[in-house]
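Spelled out, the chains give:
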Amino acid sequence: MRKTSSLSFNRSSYGSVKYKQRRQQQIALGVVFGLCGLLMAIPLVEAKYGRGLAQRTVACLFHKNSRQTTGYQSNKSVFSLAGLPPDRRAAELEAIANGGSGRESARARYMLASDLIQQQQGQKAAQLLEGLECNYSLLGAHAIAKRAQAYQVMGDQAKATAEWENLLKYYPDTPVALEALYALGKKKPDDWKKAIEKYPSHPRTLEMARSWLEDNPPNQRDLLLLLARYSFDQPGVSTVLDRLVSLPDTINGKPLKPIDKKDWEAIAKGYWRDRKYGQASAAYAKSEATSRNAYLMARGLELAEKPRDANQAYKKLVQDFPKAEETGKALIQIARIEPSIEAVPYLDQAIENFPDSAGEALLEKAETLKHLDNPAAARETRQLLLTKYSNSDAAAAYRWEMAQASAKAGDIQGALQWAKPILDRNPHSEQAREAGFWAGKWAIQLGQQEQAKAAFQQVIALYPYSYYAWRSAVFLGWDVGDFSTARQMSAEIVLPEERPELPTGSALVQELYQLGQEQDAWMQWQAEFQKRLEPTVDQRFTNGLLRLLAGEYLAGIEEIYSIGDKDNPSERAEYEALQKKPIYWYALYPLPYLQTIETWSQKRKVNPLLVLALMRQESRFMPTIRSRAGAVGLMQMMPPVAASIAKQIDVEEYSLENTNDNINLGVALLASDHSIFSNNSLLALASYNAGAGNVRQWVNQKPLTDPDEFVESIPFPETKDYVKQVFGNYWNYLRLYHPKVSQLVAQK
């Protein structure tokens with residue numbers, strides 16, 4: 001039995017060895033045939049995707065990636081870690097990176113390596129990035145670029161150069177290749193010819209154009225036109241435009257091709273952005289002959305304080321585009337420029353032919369008739385406004401004017417009667433949110449508690465982002481901090497788990513954005529975003545968001561705000577749909593420098609959301625910005641005031657352009673203003689803007705019995721607006737990032 005069993009075992013063992021040998025031979029043959037098949041397929045890959053990608057595919061086949069894995073499974077996605085500071089996400093990222101070879105592991109390696117490069121730890125970053133392009137194809141080019149950056153941090157220029165050259169070899173037709181050209185010192189126009197043709201809007205392309213222009217090349221007109229087309233929305237672009245429009249029409253006696261009409265429109269937009277309205281008007285005159293361009297040409301002349309020329313331009317618009325929407329606006333502008341007696345026919349024409357402008361024309365006509373000593377006709381005109389055009393913004397403006405006049409005269413019932421219809425009939429008007437809040441306050445004065453509550457709830461429901469929504473929440477008894485308690489309020493800040501998806505942009509832009517690679521996402525988007533003269537709502541928003549994430553907070557926030565200026569019904573509908581998405585509000589109220597703000601706010605016992613709100617209003621988070629008055633940095637500190645505060649808190653050395661120093665001194669100044677005015681944040685903010693002396697004078701003139709009336713009575717328009725803006729910012733940070741308040745708002 002034993003022998004048989006032994007013999008049987010030996011036969012079985014021998015058969016197993018033979019089987020393994022055959023199996024290994026089959027595997028080897030399979031690999032050979034697979035390689036042969038792949039090598040035969042390379043021409044097809046090359047034909048479809050280019051030689052570089054084909055070469056990279058072969059290189060990855062022979063790449064040895066022997067990374068040790070742990071099988072770690074995280075309950076967090078890499079995207080959810082993007083919003084955390086590098087030191088707070090490092091351990092989790094490292095665990096995910098070593099946990100396997102899937103997409104999450106690749107994402108973790110990339111994000112962690114990027115953090116390490118920022119921390120000047122090039123060797124660790126290079127190890128994480130080794131071969132990453134082989135299993136993270138979406139970010140293949142970026143992985144090589146990061147590896148080159150890691151070697152640069154290490155000081156190994158030879159390896160860095162080799163990686164930049166690999167990037168050009170494997171990914172020559174990607175925007176990232178421009179980074180390789182730049183890093184390798186290839187700055188001649190011939191090196192960039194292909195890049196300019198394919199990616200004319202890329203920041204590196206535009207940077208090269210500016211560099212070449214310093215040498216006054218013979219093709220400078222082409223370079224200036226490139227900048228005009230793709231950087232007309234950049235600060236200080238008018239210097240480029242001045243140079244472009246001053247060039248002669250001939251070179252060496254040969255006439256140049258005329259500037260295209262679309263390019264003239266880009267030139268006009270650039271001048272308009274820099275508030276050079278006369279030059280903008282002249283450029284619009286040479287652009288495509290549309291009613292909108294004609295209106296902007298006339299409006300530019302008016303803003304350039306050339307009323308006679310503007311008047312003629314408006315009249316030409318009326319003649320050339322008799323039925324255009326802008327013609328109704330032009331007729332009103334003509335009436336405002338013409339002497340009173342001559343204005344009425346133009347207003348009548350607007351009333352008769354342009355329903356969208358009729359309300360504004362009626363209100364203007366009533367004022368004109370009043371100045372002509374015809375009060376009966378003026379009353380009749382206003383009545384027509386309230387009956388036939390009751391839903392117009394002009395009707396809302398008139399109702400609110402009458403409501404305020406009634407309240408000032410002590411007629412609270414009359415004020416309420418004028419204010420109530422604004423919410424119902426003019427909900428989209430500028431006056432609606434303010435009128436709704438005061439309707440609630442006036443109802444309280446009349447003892448109508450339920451009516452007051454309904455008005456406050458309606459303001460929060462319709463205008464949840466407004467200063468008056470915060471004031472309404474206070475009167476509803478919500479724990480949101482009042483003028484006298486905002487400093488001490490405990491502000492819990494909870495970030496969204498993951499960034500909301502961008503409304504547009506390639507998969508690569510989306511991936512970089514979700515990974516928190518703001519600068520790279522911005523660069524990639526700029527390469528993709530070439531049709532800039534007529535962008536969609538989604539494109540404008542994406543551009544603004546990525547712009548501010550890349551550090552251009554002022555320009556980014558301004559661009560997002562400006563989306564709402566569109567009059568086109570379809571674009572207006574797109575904008576209103578965008579407003580309902582959280583990403584829109586997170587973009588307008590970002591949280592830069594949060595750790596530093598929390599540190600100094602805790603030390604000075606000031607609500608960090610109040611500091612964020614003030615900083616957003618003062619500087620739009622631009623650390624080196626300077627005002628015309630000389631205020632510097634994030635908290636807009638005046639140097640003499642900063643010196644005084646520094647002395648008070650025993651700070652001997654500081655720089656107002658250093659973010660930590662500026663925030664420290666700014667929060668200390670805000671805390672000092674609170675101490676002066678018994679922790680009243682309304683008076684402290686007014687003092688921060690206008691000085692303690694002025695605020696004391698205002699309090700003496702109008703006691704703080706009703707803080708809302710006090711705000712409206714502030715004699716400096718800038719300070720009155722400042723107080724409302726900062727508290728509006730504070731409320732938006734509260735409703736976005738404080739869970740309890742966010743839930744209350746959502747219920748409404």
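No experiment lies behind these values; they were computed from the predicted model shown.

Undergrad: Run through the overall build of the protein, naming residues and quoting values.
TA: For the protein, the helix and strand inventory stands at 41 helices and two strands. Based on the C-alpha atoms only, the size of the protein along its principal axes is roughly 125 × 75 × 60 Å. Within the protein, contacts between residues at least 6 apart in sequence are counted, and of these 56% link residues at least 24 apart. Entry remark: accessible area of the protein is about 37500 Å², with carbon and sulfur atoms responsible for 50%. Placing the 90 positive and 85 negative side-chain charges of the protein at their respective mean positions leaves the two points 8 Å apart.

Undergrad: Explain the packing of helix 23 (residues 412-425) against helix 24 (residues 432-445) to me, using residue names and the numbers behind them.
TA: Between two packed helices, the angle of one axis relative to the other and the distance separating the axes together describe the packing. One can describe the packing of helix 23 onto helix 24 by two numbers: an axis separation of 8 Å at closest approach and a directional angle of 145°. You can see that helix 23 and helix 24 cross each other, and the crossing is left-handed. Contacts between helix 23 and helix 24 involve Ile 412, Ala 415, Leu 416, Ala 419, Ile 422 and Leu 423 on the former and, on the latter, Ala 432, Ala 435, Gly 436, Ala 439, Trp 442, Ala 443 and Gln 445.

Undergrad: A description of the pattern of salt bridges should follow, citing residues and the corresponding values.
TA: Here the structure, examined in full by the defined rule, presents 33 salt bridges. Its salt-bridge partner being Glu 302, residue Arg 299 comes within 3.2 Å of it at the nearest N-O pair. With Arg 299 and Glu 302 both in helix 16 (residues 291-303), this residue pair falls three residues apart, about one helical turn. Under the relative-accessibility criterion, Arg 299 is labelled partly exposed at 27%. Measuring nitrogen to oxygen at the nearest pair gives 3.1 Å for the salt bridge that ties Arg 336 to Glu 364. Here the residue Arg 336 occupies a position in helix 18 (residues 325-337), and Glu 364 occupies one in helix 20 (residues 355-371), the gap between them amounting to 28 residues. Taken together, the salt bridges that share partners define one network made up of Lys 441, Arg 471, Asp 482, Asp 706 and Asp 708.

Undergrad: Could you give me a rundown of the packing of aromatic side chains, with the residues and numbers involved?
TA: Inspection of every chain in the model, using the stated rule, returns 29 aromatic pairs. Ring geometry for Tyr 398 and Trp 418: centres 5.8 Å apart, planes at 85°, overall edge-to-face. In this pair, Tyr 398 sits in helix 22 (residues 393-408) while Trp 418 sits in helix 23, placing the two residues 20 residues apart along the sequence. By relative accessible area, Trp 418 is classed as partly exposed at 25%. The rings of Trp 400, Phe 437, Trp 438, Trp 442, Phe 456, Tyr 467, Tyr 468, Trp 470, Phe 475, Phe 483, Phe 727 and Tyr 730 are connected pair by pair, giving a single aromatic cluster. Sitting over the face of the ring of Tyr 182, Lys 187 holds its NZ or CZ atom 5.3 Å from the ring centroid. The ring of Trp 470 has Arg 471 lying over it, and the distance from NZ or CZ to the ring centre is 4.9 Å.

Undergrad: Talk me through unusual backbone geometry; I want residue IDs and the actual numbers.
TA: A positive phi angle is found at Arg 620, which is not glycine, with a value near 50°. With respect to the helices, strands and loops of the structure, Arg 620 is situated in the loop between helix 34 (608-619) and helix 35 (639-648). Phi at Phe 621 takes a positive value of approximately 65°, unusual for a residue other than glycine.

Undergrad: Tell me about the packing of helix 12 (residues 220-230) against helix 14 (residues 261-273), residues and numbers included.
TA: Across the interface, helix 12 lies against helix 14 with an axial gap of 8 Å and an inter-helix angle of 65°. Note on packing geometry: the crossing formed by helix 12 with helix 14 is left-handed. For the pair helix 12 and helix 14, the contacting residues are Leu 225, Ala 228 and Arg 229 in the first and Asp 263, Ala 266 and Ile 267 in the second.

Undergrad: Can you lay out the nonpolar core for me, pointing to particular residues and giving the numbers?
TA: Formed by 140 residues in total, the largest nonpolar core has its most connected members in Trp 442, Trp 470, Val 480, Phe 541, Phe 727, Tyr 730 and Trp 731. The leading source of residues in this core is helix 40 (residues 717-737), at ten residues. When sequence neighbours within four positions are dropped, the list of residues in contact with Val 480 reads Trp 470, Ala 473, Val 474, Met 489, Tyr 730, Trp 731, Leu 734 and Val 741. Within the second largest apolar cluster, 61 residues are counted, among which are Trp 192, Leu 296, Ile 332 and Ile 351.

Undergrad: Which residues make up the side chain of Arg 547, and what values do they have?
TA: Assignment of secondary structure puts Arg 547 in helix 29 (residues 537-549). For Arg 547, the contacting residues outside a window of four places in its chain are Asp 233, Gln 234, Pro 235, Trp 522, Glu 552, Ala 555, Gly 556 and Glu 559.

Undergrad: Break down the confidence of the model for the protein for me, citing the residues and quoting the values.
TA: On average, residues of the protein score 90 in pLDDT, and 91% of them reach the 70 mark or higher. Ignoring residues within four places in sequence, the model shows residues 1-17, a span with pLDDT below 50, making zero contacts including any to other chains.

What counts, and where the lines are drawn
Residues numbered from 1 in each chain as written. Predicted model: local features only at pLDDT ≥ 70, side-chain atom pairs only at ≥ 80, totals over all residues. Heavy atoms only, no water. Helix = DSSP H or I, 4+ residues; strand = E, 2+ residues; numbered from the N terminus. Contact = heavy atoms within 4.5 Å. Areas by Shrake-Rupley, 256 points an atom, 1.4 Å probe, with all protein chains shown as cover. Lys, Arg positive; Asp, Glu negative; His and termini not counted. Charge placed at Lys NZ, Arg CZ, Asp CG, Glu CD. Axes fitted to C-alpha atoms, helices over the stretch in contact; angles between N-to-C directions. Left-handed = near helix turned anticlockwise from the far one by under 90°. Salt bridge = Lys/Arg side-chain N within 4 Å of Asp/Glu carboxyl O. Buried < 20%, exposed > 50% of the residue type's maximum accessible area, 1.4 Å probe, protein only. Phe/Tyr/Trp six-rings, centres within 6.5 Å; stacked < 30°, edge-to-face > 60°. Lys NZ or Arg CZ within 6 Å of the ring centre and 35° of its normal. Core = buried A, V, L, I, M, F, W, Y, C linked by side-chain atoms within 4.5 Å. pLDDT = per-residue confidence, 0-100.

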